[in-house]
Amino acid sequence: MQRKAIVIGATGLVGQHLIKQLSELYETLIVIARRPPRYINASMRFYQTNDFDNLPEIFASVGADRTTDAFSCLGTTKKQAGSDEAFRKVDYGYNVTFAKLCHDKGVENFFLLSSMNAKIDSRFLYNRVKAETEQAIKALNFAQLLVFRPSLLLGKHKGRPLESISQKAFQLISPLVSESLPLHPISAQRVAVAMAMMAQDSYERRKYHTAPSLERLTIIENKQMLAMTRAK
């Protein structure tokens with residue numbers, strides 16, 4: 001049985017690193033994006049869309065099924081989207097639609113990139129929407145839902161000047177800051193590696209039955225991702 005993965009958000013900060021990792025684990029890698037990813041290899045099947053409102057039409061031909069693991073790194077900001085409504089449409093609407101389509105195709109394992117501060121009662125729209133998205137996807141009852149909650153992501157953020165300023169400030173003090181601190185920033189590449197590691201761990205558990213299965217919902221916090229990907 002060939003392993004397949006389907007990914008949205010593959011051209012984003014984490015997604016561009018994730019597809020490199022997944023290409024080493026899966027025989028078929030399905031990517032749905034507005035533009036071709038920088039990294040392309042022979043195992044990749046790319047579906048281009050100008051508008052994620054067309055996801056249902058695309059899913060009619062992608063061939064996702066119970067042998068497919070689904071990954072979402074899709075996200076934006078209010079500034080990039082242009083309004084609260086447009087931001088919610090991407091971060092909540094498109095992610096939940098993608099999850100529902102995957103579930104309807106029989107996909108059992110869903111990997112979601114969220115945020116450390118995802119809270120339903122947050123006074124910040126960004127954090128509330130992240131939490132609402134987590135809850136809506138959890139309600140679909142995938143066999144396994146793995147939610148990754150990184151802190152500030154390190155990498156080149158196109159169109160995110162405040163995050164770029166925060167990164168530069170952190171770089172000045174990073175030698176003095178321990179990675180054991182929960183709020184320690186994390187590189188996008190390390191988040192992608194952590195997602196791939198958890199996907200492989202889940203696969204090994206299912207294949208060999210040598211360890212208990214993961215819980216139906218598994219939250220991977222920033223501190224855990226830092227520990228998982230720390231150089232030995």
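Residues numbered from 1 in each chain as written. Predicted model: local features only at pLDDT ≥ 70, side-chain atom pairs only at ≥ 80, totals over all residues. Heavy atoms only, no water.

Quick look at the packing of aromatic side chains
For the structure on display, the rule yields 7 aromatic pairs. Taking the centre distance of 4.4 Å and the plane angle of 10° together, the rings of Phe 71 and Phe 111 count as stacked. Here Phe 71, found in strand β4 (residues 68-72), pairs with Phe 111, found in strand β5 (residues 109-113); they are 40 residues apart in sequence, far enough to count as distant. Here Phe 71 falls in the buried class, since its relative accessible area comes to 0%. Ring geometry for Phe 87 versus Tyr 126: centroids 5.8 Å apart, planes at 20°, classification stacked. With Phe 87 in helix α4 (residues 84-104) and Tyr 126 in helix α5 (residues 125-138), the pair connects residues that are 39 residues apart, well separated along the chain. On the accessibility criterion, Tyr 126 (29% relative accessible area) is partly exposed. A connected cluster of aromatic rings, assembled from ring pairs, spans Phe 59, Phe 98, Phe 110 and Phe 142. Looking at Arg 3, its charged tip hangs above the ring of Tyr 26, at a distance of 4.4 Å from the centre. (Phe/Tyr/Trp six-rings, centres within 6.5 Å; stacked < 30°, edge-to-face > 60°. Helix = DSSP H or I, 4+ residues; strand = E, 2+ residues; numbered from the N terminus. Buried < 20%, exposed > 50% of the residue type's maximum accessible area, 1.4 Å probe, protein only. Lys NZ or Arg CZ within 6 Å of the ring centre and 35° of its normal.)

Topic: the pairing of strand β9 (residues 217-221)
Residues Thr 218 and Ile 220 line the buried face of β9, whereas the alternating positions Leu 217, Ile 219 and Glu 221 sit on a face that is not buried. In the sheet, strand β6 (residues 144-149) pairs with β9 via 5 bridges, with the strands oriented parallel. Opposite Val 147, over in β9, you have Ile 219 as the bridge partner. (Pairing = 2+ DSSP bridges.)

Some words on the pattern of salt bridges
Counted according to the given criterion, the structure contains 9 salt bridges. Between Lys 89 and Asp 53 there is a salt bridge whose closest N-O contact spans 3.2 Å. Within this pair, whereas Lys 89 is found in helix α4, its partner Asp 53 is found in the loop between β3 (44-48) and α2 (55-62), the two being separated by 36 residues in sequence. The exposure class of Asp 53 is partly exposed, given its relative accessible area of 38%. Measuring nitrogen to oxygen at the nearest pair gives 3.4 Å for the salt bridge that ties Glu 221 to Arg 149. Placement of the pair is Glu 221 in strand β9 and Arg 149 in strand β6, with a sequence separation of 72 residues. A residue is classified by how much of its surface remains accessible, and Arg 149, at 16% relative accessible area, is buried. A network of salt bridges, in which partner residues are shared, links Glu 134, Arg 149 and Glu 221. (Salt bridge = Lys/Arg side-chain N within 4 Å of Asp/Glu carboxyl O.)

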